[in-house]
Amino acid sequence: MRRSRLLFIAVMLLTALAITWPGHALFSSAKPLIFGFPLSFAWIIFWVIIGFAAMLGLYLSDSHDDDLNGEPS
């Protein structure tokens, strides 16, 4: 597997851990408010953004590799 895919898998596993029991239990309070959201909801939003950035990075690295190999997109 390529390095970008392994990094993507690692980030997604970390995201899954952070938004389920072990990670979310640490940040499950209603206070403080972050941009008007309770801490527990802001924690989930933060990890969704991290997952989106990882997916975007994987997409861009794969499309860049296809361009270098001469394959049509």
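Everything numeric in this text was worked out from a predicted model, so none of it was measured. (Residues numbered from 1 in each chain as written. Predicted model: local features only at pLDDT ≥ 70, side-chain atom pairs only at ≥ 80, totals over all residues. Heavy atoms only, no water.)

1. Some words on the overall build of the protein chain
So the rule is basically this: The way it works is that DSSP assigns letters per residue, a run of H or I at least four long becomes a helix, a run of E at least two long becomes a strand, and they are numbered from the N terminus. To sort residues, take the accessible area from a 1.4 Å probe on protein chains only and compare it with the maximum for the residue type: under 20% means buried, over 50% means exposed, and anything in between is partly exposed. Any pair of residues with heavy atoms lying within 4.5 Å of one another is described as a contacting pair. Throughout, the Shrake-Rupley method with a 1.4 Å probe supplies accessible areas, and for residues the shown protein chains are the sole cover considered.
Scanning the protein chain for helices and strands turns up 3 helices and 2 strands. Burial analysis of the protein chain (73 residues in total) assigns 19% to the buried set. Sequence-distant contacts in the protein chain: of pairs separated by 6 or more residues, those separated by 24 or more amount to 50%. With an accessible surface of roughly 5700 Å², the protein chain has 74% of that area assigned to carbon and sulfur atoms.

2. So, the pattern of salt bridges
Just so we agree on the cut-off: The salt bridge criterion pairs a side-chain nitrogen of Lys or Arg with a carboxyl oxygen of Asp or Glu, the two atoms within 4 Å.
All told, the structure shown has 2 salt bridges when counted by the stated rule. Measuring nitrogen to oxygen at the nearest pair gives 2.2 Å for the salt bridge that ties D62 to R2. Highlighted residues: D62 in helix 3 (residues 39-69) and R2 in the segment before helix 1 (3-19), separated in sequence by 60 residues. Residue D62 is classed as buried on the basis of its relative accessible area, which comes to 18%.

3. Some points on the environment of Y59
As for its placement among the helices and strands, Y59 is situated in helix 3. Residue classification places Y59 among the exposed residues on the basis of a relative accessible area of 56%. Considered as a pair, Y59 and R5 are 54 residues apart in the sequence and their alpha carbons are 9.9 Å apart.

4. Considering helix 1
For the α-helix, the turn length of 3.6 residues means that residues three or four positions removed from each other point alike. Inclusion rule: One fewer than the residue count of a helix, multiplied by 1.5 Å, yields its expected span. Note that the arc is defined by the directions from the helix axis to the C-beta atoms.
Here helix 1 is 17 residues long and its end C-alpha atoms lie 25 Å apart, about the 24 Å a rise of 1.5 Å per residue gives. For helix 1, the set of buried residues is F8, T15 and A18. In a view along the axis of helix 1, the buried residues occupy a sector of 90°, so they form one face of it. Facing away from the buried side of helix 1, by more than 90 degrees, are the exposed residues R3 and L13.

5. With respect to the packing of aromatic side chains
Basically, it comes down to this: Here a pair means two rings of Phe, Tyr or Trp (six-membered ring of Trp) with centres within 6.5 Å. Their orientation is stacked below 30 degrees between planes, edge-to-face above 60, and tilted elsewhere.
Under the criterion given, the structure shown has 5 aromatic pairs. With 3.9 Å between their ring centres and 20° between their planes, F27 and W43 make a pair best called stacked. Of this pair, F27 sits in the loop between helix 2 (21-24) and strand 1 (33-34) while W43 sits in helix 3; the two residues are 16 residues apart in sequence, bridging distant segments of the chain. Exposure remark for F27: the relative accessible area of 28% places this residue in the partly exposed category. For W43, a relative accessible area of 16% corresponds to the buried category. Relative to W47, the ring of F46 lies with its centre 5.4 Å away and its plane at 80°, an arrangement referred to as edge-to-face.

This is a description of form; function is not addressed.
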